[in-house]
Structure formats: C-alpha cells, structure tokens
Amino acid sequence: ILRRLDDVYDLAISGNEEYRFCAGWTNLKKELKASFPEEAAAIDKYFSIVHKTAEFLFPIFLALKMLLPETAFKFCTEWLFDRQLGIFKQTTNQVLETITNNRKL
C-alpha cells in the first residue's frame, strides 16, 4: 500500500541546527534554499542533475525491464548504468562535492 509522505518526512540535526526534508522536489528545494541561501545555485544544479538523469534513464530502464529476460536485463543494466553511465556509482555526497564545498549541504 502506498501512502503519501508527510509534508516533513525527515529531520537532520547537526549540533544546534535542524534541517527539514520535505516531500516533493519543489518543497525540498525551497527548504534547502532557506537553510542554505548562499548555496541556491548549487541546489538548483544538483536537482537539475537528478532530474535530467531520471528523465533520461527511467524510460530506458522500464523498456529493458519489459522487453528482456531477467538475466539479459541484469547484464544490460549493469553494463549501461554502472559501466557506461558512471553517475550511478557516485554517492549523493560525491555529486555534491563536484558542485559545492559546503560540507553541511
């Protein structure tokens, strides 16, 4: 059963600072920019990378899943996503380090 996330679905606490994780890309971006106003460009760039990656690859992933037997699907996705498109081997932190030096973000 799928259920809608609460508006704030997680909270990160660092020392005396709290960072709210909000449901929905727009809300999350807004909250992050409120917490890190000097990082607005980095936040936009990160969300752009995530959006473009998902927008490009999800239809390919879905088509492969529907058309190929399981073994061929696993081989193709490993070859395509891991070896050819290395972004999938990067953590969120690694991607952010290419965009900003702000360790809290």
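Numbers given for residues are sequential positions, taken from 1 along each chain in its written order. Local features in this predicted model are restricted to residues of pLDDT 70 or higher, and side-chain atom pairs are both shown and tallied only at a pLDDT of 80 or more, whereas totals for entire chains, interfaces and linings draw on every residue. Computation of side-chain values covers all heavy atoms of the structure but excludes hydrogens and water.

Draft legend 1. Summary view of helix α2 (residues 40-67). Helix and strand labels come from DSSP, where a helix needs a run of H or I of at least four residues and a strand needs a run of E of at least two; each type is numbered from the N terminus. By definition here, a helix of n residues has an expected span of 1.5 Å times n minus one. Between the first and last C-alpha of α2 there are 41 Å, a value that for 28 residues agrees with the 40 Å anticipated at 1.5 Å per step. The angle separating two fitted axes, one through the seven residues that finish at a residue and one through the seven that start at it, defines the bend at that residue. At Leu57, α2 is deflected by roughly 30°, the largest bend along its length, and proline Pro59 occurs up to four residues later in sequence. Looking only at α2, the buried set comprises Ala42, Ile43, Tyr46, Phe47, Leu57 and Leu64. Burial classes: relative accessible area under 20% of the type maximum marks a residue as buried, over 50% as exposed, and values in between as partly exposed (1.4 Å probe, protein chains only).

Draft legend 2. Broad picture of helix α1 (residues 25-35). Within the sequence span of α1, burial applies to Leu28, Glu31 and Leu32. Buried residues of α1, seen end-on, are gathered within an arc of 100° and therefore sit on one face of the element. For α1, the exposed residues set more than 90 degrees away from the buried face come down to Thr26, Lys30 and Ala34. Contacts between residues were defined by any pair of non-hydrogen atoms, one from each residue, lying within 4.5 Å. If you follow the buried residues of α1, they end up packed against β1 (8-14), β2 (17-22) and α2. This arc corresponds to the set of directions leading from the helix axis out to the C-beta atoms.

Draft legend 3. Molecular detail of the packing of aromatic side chains. The rule is short: rings of Phe, Tyr and Trp, with Trp giving its six-membered ring, pair when the centres are within 6.5 Å, and they are stacked under 30 degrees, edge-to-face over 60, tilted in between. Per the stated rule, a full pass over the model turns up three aromatic pairs. Seen from their ring centres, Tyr19 and Phe36 are 5.1 Å apart, and the 15° between their planes marks the pair as stacked. Pair noted here: Tyr19 is in strand β2 and Phe36 is in the loop between α1 and α2, with a separation of 17 residues, a long-range link. Grouping residues by exposure puts Tyr19 and Phe36 together as buried.

Draft legend 4. Region of the structure containing the environment of Ala54. Secondary-structure assignment places Ala54 in helix α2. Under the relative-accessibility criterion, Ala54 is labelled partly exposed at 41%. Sequence separation between Ala54 and Pro69 is 15 residues; the distance between their C-alpha atoms is 23 Å.

Draft legend 5. The pattern of salt bridges, seen in detail. Within this document, salt bridges are pairs made up of a side-chain nitrogen of Lys or Arg and a carboxyl oxygen of Asp or Glu, the two lying within 4 Å of each other. Per the counting criterion, the structure on display carries six salt bridges. When the shortest N-O distance is used, the salt bridge between Glu97 and Arg103 registers 3.0 Å. Residue classification places Arg103 among the exposed residues on the basis of a relative accessible area of 64%. One continuous salt-bridge network, built from bridges that share partners, spans Lys29, Lys33 and Asp44.

Draft legend 6. Highlighting a nonpolar patch on the surface. Within this analysis, patches are made of residues with over 30% relative accessible area and no salt bridge. Like charges are joined at 9 Å or less; nonpolar side chains (Val, Leu, Ile, Met, Phe, Trp, Tyr) at 5 Å or less. Surface accessibility in these figures is a Shrake-Rupley result with a 1.4 Å probe; residues are shielded only by whichever protein chains are displayed. On the surface, a cluster of nonpolar side chains totalling about 570 Å² of accessible area is made up of Phe58, Phe61, Leu62, Met66 and Leu67. Judged by relative accessible area, Phe58 falls into the exposed class, the value being 51%.

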